[in-house]
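Survey of secondary and tertiary structure
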Amino acid sequence: MGRPRNMRKKGEAGEAARFISRTRAIRKLQLGLQAFNRVCIVKGIFPIEPKNRIKAQKGDSKYRPLYLKKDIRFLMHDPLITTIRQEEALRKKLAKARHLRDVYKEQLIKRNKPVYRLDQNVLERYPTFIDAVKDLADPLTMIFLFCNIQVRPPIYEHHVSRCQRLKTEFLTYVIEARCLTKAFISTKGYYYEVEIMGHRIVWTAPHNCVTEVTTSLLIRWDEE
């Protein structure tokens, strides 16, 4: 007696069909763990906690980071994935050239390093200008923090100077638009609140002192 047509195999419906583990997602995208985490941060994709973890993991009770399958399918067609794969391939070639002490090939590989732009990712995350204004609090906090940070690898002078320029430009806009509504001082720093296009934005600026960065802190820069 055959199986009824409307019956499905275990894992083809419900919670198990909506989620995928990180290991399977990395294998499907053909990326390393570090590259996968980098892509997820850029694209704004994070692990999701299912309603029933045991069902989502097909009966396995061990904790594993789970992602939505639709997000992983979305990443498979993103051009950023292709660029990162090319970077990983060039990184292996560069390591081989350094091992063979081939200076000419090493310079050639560095010259052919692929360059990717994040314009499309920014447009996907903020389709309208209002969406970008609503999410200004965290970028402003980071910009004001890096204005007073110590210049030390991997943080260089052009990183700090760029943040100082953005800080000056934004404060100039606040003065011209007269949109500052509140400000107070705490032990953590200065709190500012502005109202831009009907939306209130609160951010923190540290006190005027140089912030030292420990050498054990891992900081990666994704520049265009």
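Residues numbered from 1 in each chain as written. Predicted model: local features only at pLDDT ≥ 70, side-chain atom pairs only at ≥ 80, totals over all residues. Heavy atoms only, no water.

A separate point is the side chain of Gln57. Looking at the element boundaries, Gln57 is found in the loop between α4 (53–56) and β2 (66–68). A polar contact of 2.6 Å, which involves the side chain of Gln57, links it to the backbone oxygen of Lys62. In contact with Gln57, not counting residues within four places along its chain, are Lys62, Tyr63, Arg64 and Leu66. (Helix = DSSP H or I, 4+ residues; strand = E, 2+ residues; numbered from the N terminus. Polar contact = N/O pair within 3.5 Å; in protein donor to acceptor, adjacent residues only side chain to side chain. Contact = heavy atoms within 4.5 Å.)

Looking now at the confidence of the model for the chain. Chain-level statistics for the chain give a pLDDT mean of 85 and a share of 87% at 70 or above. For the chain, the element scoring lowest by mean pLDDT is helix α1 (residues 15–18), at 79; strand β4 (residues 190–196) scores highest, at 95. (pLDDT = per-residue confidence, 0-100.)

Now for the sheet that holds strand β3 (residues 180–185). The strand order across the open sheet formed by 3 strands is β3-β4-β5, and the pairing between neighbours is antiparallel. At either end of the open sheet lies a strand with only one pairing partner, and these are β3 and β5 (199–205). Recorded for the sheet is a direction-independent mean angle of 15° between the axes of neighbouring strands. Note that β4 and β5 share 7 bridges and pair antiparallel. By the bridge assignment, Glu193 is partnered in β5 with Val202. Sitting on the sheet, helix α11 (residues 157–177) touches β3, β4 and β5, and the angle it makes with β4 is about 60°. (Pairing = 2+ DSSP bridges. Axes fitted to C-alpha atoms, helices over the stretch in contact; angles between N-to-C directions.)

Turning to the packing of helix α3 (residues 33–43) against helix α6 (residues 79–100), a few remarks are in order. Describing two packed helices takes the angle between their axes plus the distance from one axis to the other. Two numbers describe how α3 lies on α6: the axes approach to 11 Å, and their chain directions differ by 150°. With respect to α6, the axis of α3 lies roughly antiparallel. When the axes of α3 and α6 are compared, the crossing they make is right-handed. Taken together, the residues of α6 that come into contact with α3 (itself represented by Ala35, Arg38, Val39, Val42 and Lys43) are Leu80, Ile81, Ile84, Glu87 and Glu88. Taken together, the residues of the contact of α3 with α6 sort by class into 6 nonpolar, no polar and 4 charged. (Parallel < 35°, antiparallel > 145°, perpendicular 65-115°, else oblique. Left-handed = near helix turned anticlockwise from the far one by under 90°. Nonpolar A, V, L, I, M, F, W, Y, C, P; charged D, E, K, R; others polar.)

Moving on to the side chain of Arg53. Along the chain, Arg53 falls in helix α4. By relative accessible area, Arg53 is classed as buried at 14%. Side chain to side chain, Arg53 and Gln57 meet in a polar contact 2.9 Å long. Contacts of Arg53, omitting those with residues within four sequence positions, involve Ile48, Asp60, Tyr63, Arg64 and Leu66. (Buried < 20%, exposed > 50% of the residue type's maximum accessible area, 1.4 Å probe, protein only.)

The next subject is the packing of aromatic side chains. As enumerated under the stated definition, the model contains 6 aromatic pairs in all. Where Phe36 meets Tyr67, the ring centres are 5.4 Å apart and the plane angle is 85°; that geometry is what we call edge-to-face. One end of the pair, Phe36, is in helix α3; the other, Tyr67, is in strand β2, with 31 residues separating them in the sequence. The class for Tyr67 is buried, based on a relative accessible area of 4%. An aromatic cluster is defined as three or more aromatic residues linked by ring pairs; in this entry it consists of Phe144, Phe170, Tyr173, Tyr192 and Trp203. (Phe/Tyr/Trp six-rings, centres within 6.5 Å; stacked < 30°, edge-to-face > 60°.)

Moving on to helix α2 (residues 22–29). Looking at α2, one finds that the buried residues are Ala25, Ile26 and Leu29. On an axial view of α2, the arc spanned by its buried residues comes to 100°, and they lie on one face. In α2, the exposed positions that point more than 90 degrees away from the buried face belong to Thr23 and Arg27. Gln30 occupies a position one or two residues after α2 and carries a positive phi of about 60°. (Arc of directions from axis to C-beta.)

The subject of this paragraph is the pattern of salt bridges. Opposite charge on two side chains allows them to pair when their charged atoms are near. In the structure shown here, the tally under the stated rule is 7 salt bridges. As a salt-bridge pair, Asp78 and Lys43 come within 2.6 Å of each other at their nearest N and O atoms. Of the two residues, Asp78 sits in the loop between α5 (69–76) and α6 while Lys43 sits in helix α3, which places them 35 residues apart along the sequence. Each member of the pair, Asp78 as well as Lys43, carries the same accessibility label: buried. Connected through salt bridges with shared partners, the residues Lys43, Asp78 and Glu124 form a single ionic network. (Salt bridge = Lys/Arg side-chain N within 4 Å of Asp/Glu carboxyl O.)

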